Structures are given as C-alpha cells and as structure tokens.
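Observations on the three-dimensional arrangement
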Amino acid sequence: MRDMTLAAAREALAKREISAVELVDHHISTIEKLDGDINAFITTTPDQARLAAKAADEQLAKGEGGLLCGIPLGVKDLFCTDGTRTTAGSNILRHFVPPYESTVTANLLKQDAVFLGKLNLDEFAMGSTNLTSAFGSVTNPWKRAGDDKKLVPGGSSGGSAAAVASGMVLGATGTDTGGSIRQPASFCGITGVKPTYGRCSRFGTIAFASSLDQAGPMARTLEDCALMLEAMAGFDPKDSTSVDLAVPRYVDALERGVKGLKVGIPEEYRSEDLPAEIQALWEQGIAWLRDAGAETVKVSLPHTKYGLPTYYIAALAEASSNLARYDGVRFGERVPADSLDMMYEATRHAGFGEEVRRRILMGTYVLSSGYYDAYYLRAQKIRTLIQRDFLSAFEKVDVLLTPTAPSAAFAHDEKPTDPVQVYLNDVFTVPASLAGVPALSLPAGLDSKGLPLGLQLIGRYFEEETLFAAGRVMEKAAGFTHRPALFAGSAA
Amino acid sequence: MSLDTRTVRRIAKLARIGLDDQEAEGLRQELDGILGWVEQLNEVDITDVPPMIGTGLAKPRLRVDVVTDGGKREAVLSNAPDRADAFFTVPKVVE
C-alpha cells in the first residue's frame, strides 16, 4: 500500500484485496508521520474520511461505487467544501466555513472519493513558492543530495504537489492560473494537468483571475490524472464560462501512441539562460517522442516573451476586482473601526498578506482612470496575439513540447527578493494559460542534485486526450520511479 | 514613467487596502519595478487587434427566468463577522 498509484488502489479495492478503510487509515497515518515536516495540510478531516471509507467499503462489497470509490484525495484549500473550513491560505478567511460545495469537489464526491483534508497554497493562489500562505510555508518532500536544506514545493498548488509526492494522498485537486498546477508538479516530481479553460467548472472555487483560473488533477501518473479529470470535468450551468462538451474517458486515450503525431518545438522557449540540464532533458523528451514514431517540427510562437508581463497585468487587474469582496461585512474576518471606510481598510490591511496587497495595488493601478487603455486594454490585445500564436502553431502540429519550469525546486531562503524575478518561474507555463489551451507536466528525470524536473505538453482546445497519449509515451520512456526523501514508504 | 508615493497612496485608498506610512515607499519601489518591466509591452504593434475576451468556446446561454435557488437565510448569514437578527451589520453610515 505504501507505493501504490491511484489506479492500482482502485483495482485492489475492486478485487477486495484491501479495504477502503485500510487504505484511508494508511494515508491518515502517513499524514500524521510526515506532515509535521511538510505542512501540506491546512485542515485534516480524518473522522469524516473514515466514515466515507466505511460507506465506500459497503458499496464496493456490493460491486458498486463510483469511479473513485474509496480513493483518498486531498483538496486544495481554494475549493469550497460544505461544512469544512476553506481558507485560500489567507488570514481573511481563517474561519470561513462554506455553506455549499464547489462543483469540482461535488463531482469527485459523486464518484465516491474520500477527502482527507484541505491542502496548503500560496495566499489566494498568488505565488510560485508556497511561501505566502498565512498557514506557514510548505516544504518540498524532496531534498538535494547530501543537503538538508528545506526546498519550496512550487506553487500555488504546492500543498497538493507535496501531499501527492510524499504519499499522503493518492491524488489532489489543484488550480492553475499561470502555472499553479504544472510548476509545483515539476518541482515535486509528480504529474499535473491544466485542462482547457472551461473544462472544469469554476463554481465554488475561490477566484483569483477568473479568465485564467482552471482546476485540474495532480497525481503520480498520467493514468491517475486521467481518472481524476474524468470525474472533475463536465458542463456546469453555474459557471458561465463552462463549455458544454461531453467528457471523454481519458484513460482510453492513454495507449493511443504517437505514430504520425506532429510535435512542435517552440523556438522562443530556447534561451541562453536555460540551465543545460533542462535543455538536455528537453532534447531527451524530443528523442523519446521521435523514437515512438512522432515527427518533431520547429515552430514559432513569436509573442512568447510578452507572455509574462501580459499575464501579470491581466491577472492582477482581475484579482483586484475579485478580492474586493473581502470587506469584513458578509463573511471573512473583520477588524472593527469607527467608520465604514476605516473598517474596510483595517480589515483588508490585517487580512491580506504582503504579496496579495502588492497585487491588489498593482491591479487597481492598471484599471484606474487614465491607465486602463495603456495597461489593461493593451494587455488584452496582446493576449489575442498570444492566442493567435498558438492557433497558427496548431495548424502545423498536434502538440507542443517544452520544459515546465526554468529551474528545479529552490530553497526557502533562495527566493529572490525582487517580485519580478519570482514571476519568471512561470515563463513557460503562462502562455498556455493566457490562450486557455490545455497543458500538462510530467516528471521526466532528475537533475545532478537529485531533484525532479518536468516537461510540459501543450495541446489544442479540448484535446486533452492527445496530451495524455503523448505524455504516456514519455512517461514510459522516462520510467520515473524515484521517490522523495520524505515518503510514505521510507517513513514507516 | 515612475510612480510617486502620492499615487501609491491614492491607489491604496481606491483599493481600501490600508497603507502604513512606512510601507508606502517600499511598495512604490516594488510597483515601479513591476511597471518598468511591463513597459516592454509598448513595443508590440496592436493596431487593429481586438482584445481577447475568453476563448470563444463557451456560448452565451439562456434559461427560463424562474427562481432556482433560495430560502437559505441562515446559510447566507452563517459566516457574518457580526449580525443582528437577519441583518449584516456595519458601522453607522448616517448620523
């Protein structure tokens, strides 16, 4: 049970080789052993989980149960869970208990998944390090060889990535606004999928930048992600940007192979600054796909370099508007004051952390009178150009292959102090978010210090199946079986 | 273009973010750095380019104009930081 994938656990449960109660208990005890060091969970729900596991066993005994019956999962603490505290990693929501369930988590519960708790994240999903959470930073379960320094798990879904990598859960939900699923997946040696914008409902997911936010699965393998995505995805009338398209059985696409598939290698993603190890791994990925019968083609995405600044203007503008709702009146924390305005200011000053306040200020500035056209409108137009880059590349190729992040995980105390330097972490992930196209990251190898590195595949709108098929070829070739220093198996 | 602290204070007021005097200068520098970095967007020719508004894949939908949800007063009020009966409270606005 110590090193089981979600898919293997499903099979073992169905054959009654293990019970859901045993499986859930094992994961709860792993959390007890490891999470003191990792801090992946903000809230754990072991009692609820045991009850759900018992119910799952009753269904399994009758040969019934949904797609994820009895499977222990973690939920990023950005998804509202009915009756379970949901904080977004922020002091302002420290005591917020949603009276309703997000569509994505409701979909997972409909398939009889078992939730072990709520996972840590950068405050309001704003960050690439998990250092901005009001509930303490998360520590990456991986260590550099011969070095005990605490490393960041990436972010914002860093708690999700760390929990999956260390074996505390079999899968977790993440959200990705500019790389928040893919970058932590890369840093923690797991697989993460950001589906097409509109594939998973945003209803009940605490909003950061609504035109970019998209939920997706994080797990150890592509098969595990395929199973989770099938459960999470689907049309939802409660989200006006949800797209009404049938959800395929993604697992059926896994073994399609890549014969005749055209894989684009974007020229603009090459740079002098890219570490040689990451460049080499990228070449390796190209070779794996070619060996399996794919054709690789150089393509150009000319507006790539404008992706990050465009992203920050669009995302921060939307964030400043979305976070206006935290005013201390209807929910969340309140700092009392003599006037309404003073109450708003005191509440928001105390409730938001440094990075969130910086982003709200920046977003307010670019939307303010006299600057809207120069910043926000210009960024939205450049976003069109970035989208066109992808659409014209996808006339020539079926998928794109790139590195996921420009570095491996770095130490807590190695985070640059300049915010712009921190933003550069998302350089390879942001363009796909801006265009709304699907992308995934899978672990492809280790660097010379023994840390995992990911590769990213980007596909056409709603062609997640092609990503799963191409990813599976690389997953097999990579044979990534490395496990982190802090892992369920080694902690027993 | 560079920001002055007066502008930072004005923006902070608009955002009701609450700004300490000590913070204003630090934030001014950081915001200035970010603005300097996004300046590169000015090199892009955006003549006749429409702004991107969504992916165009989600079609606007109509539904019958009927109540689909409601009657959840306690749930709605359950997270109120302060309430009086069925009301949210705020500091006195009119004397």
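Since we're looking at a predicted model, the values are computed, not measured.

Helices and strands together make up the secondary structure of chain B, namely three helices and two strands. When the helices and strands of chain B are listed from N to C terminus, the series reads α-α-α-β-β. For chain B, the spread of C-alpha atoms along the principal axes amounts to about 55 × 45 × 25 Å. Every one of the 95 residues in chain B was classed for burial, and the buried ones make up 29%. Counting only contacts in chain B whose residues sit at least 6 apart along the sequence, the fraction spanning at least 24 positions is 24%. Separation of charge centres in chain B, based on 13 positive and 17 negative side chains, amounts to 9 Å.

Let's shift gears to the UniProt feature "active site" (unreviewed entry) in chain A. Residues and elements named next belong to chain A. If you check UniProt for "active site" (unreviewed entry), the listed places come out as Lys76, Ser156 and Ser180 in our numbering. Across 105 residues in sequence, these annotated residues keep their C-alpha atoms within 11.2 Å of one another, forming a single compact spot. Assessed through its relative accessible area of 0%, Lys76 is described here as buried. The contacts of Lys76, once residues within four sequence positions are left out, are Lys118, Leu119, Leu121, Ala125, Ser156, Ser157, Ser160, Thr173, Gly174, Thr175 and Ser180.

Attention now goes to the pattern of salt bridges. All names here are of chain B. Counting across every chain of the model gives 34 salt bridges over all chains. Residues Arg28 and Asp32 are paired through a salt bridge, measuring 3.8 Å at the closest nitrogen-oxygen approach. With Arg28 and Asp32 both in helix 2 (residues 21-38) and four residues apart, this pair spans about one turn of that helix. Judged by relative accessible area, Asp32 falls into the buried class, the value being 19%.

Here we take up the pairing of strand 6 (residues 214-219) of chain A. Residue and element names in this part refer to chain A. Within strand 6, six of the six residues are buried, leaving the element largely enclosed by the surrounding structure. Sheet topology note: the strand 5 (residues 191-194)/strand 6 ladder contains two bridges and is antiparallel. Following the sheet pairing, Gly192 is matched in strand 6 by Met218.

What follows deals with helix 4 (residues 103-110) of chain A. All names here are of chain A. Every buried residue of helix 4 is listed here: Thr103, Val104, Thr105, Asn107 and Leu108. Looking at the buried residues of helix 4, the elements they touch are strand 2 (72-76), strand 3 (114-119), strand 4 (171-176), strand 6 and helix 7 (222-232). One or two positions beyond helix 4, positive phi appears at Asp112, with a value near 65°.

This next bit is on the packing of aromatic side chains. All names here are of chain A. Tallied over the entire structure, the rule returns 19 aromatic pairs over all chains. With a centroid separation of 6.2 Å and 50° between ring planes, the pair formed by Trp142 and Phe480 is classed as tilted. Placement of Trp142 in the loop between strand 3 and helix 5 (158-165) and of Phe480 in the loop between helix 15 (464-478) and helix 16 (488-491) is noted, with a sequence separation of 338 residues between them. Comparing Trp142 with Phe480, the two get one shared label, buried. Through pairs of rings, three or more aromatic residues link up here, namely Phe96, Phe124, Tyr326, Phe331 and Phe352. The positively charged end of Arg270 is found above the aromatic ring belonging to Trp282, 4.9 Å away from the centroid.

Pairing between the strands of a sheet comes from backbone hydrogen bonds, and it takes one of two forms, parallel or antiparallel. Residue and element names in this part refer to chain A. Read across the open sheet, the 11 strands follow the order 1-3-2-4-6-5-10-11-9-7-8; overall the sheet is mixed. Only two strands of the sheet have a single neighbouring strand rather than two, namely strand 1 (41-44) and strand 8 (295-299). The average undirected angle you get between the axes of adjacent strands in this sheet is 30°. As paired elements, strand 9 (residues 399-403) and strand 11 (residues 452-459) share five bridges and run antiparallel to each other. For Leu400, the partnering residue across the bridge sits in strand 11 and is Ile458. The strands touched by helix 15 within the sheet are strand 5, strand 9, strand 10 (439-446) and strand 11, with strand 10 carrying the most contacts at an inclination of about 5°.

How each quantity is defined
Residues numbered from 1 in each chain as written. Chains lettered and ligands numbered in written order. Predicted model: local features only at pLDDT ≥ 70, side-chain atom pairs only at ≥ 80, totals over all residues. Heavy atoms only, no water. Helix = DSSP H or I, 4+ residues; strand = E, 2+ residues; numbered from the N terminus. Buried < 20%, exposed > 50% of the residue type's maximum accessible area, 1.4 Å probe, protein only. Contact = heavy atoms within 4.5 Å. Lys, Arg positive; Asp, Glu negative; His and termini not counted. Charge placed at Lys NZ, Arg CZ, Asp CG, Glu CD. UniProt positions renumbered as here; feature names shortened; annotations may be inferred. Salt bridge = Lys/Arg side-chain N within 4 Å of Asp/Glu carboxyl O. Pairing = 2+ DSSP bridges. Phe/Tyr/Trp six-rings, centres within 6.5 Å; stacked < 30°, edge-to-face > 60°. Lys NZ or Arg CZ within 6 Å of the ring centre and 35° of its normal. Axes fitted to C-alpha atoms, helices over the stretch in contact; angles between N-to-C directions.

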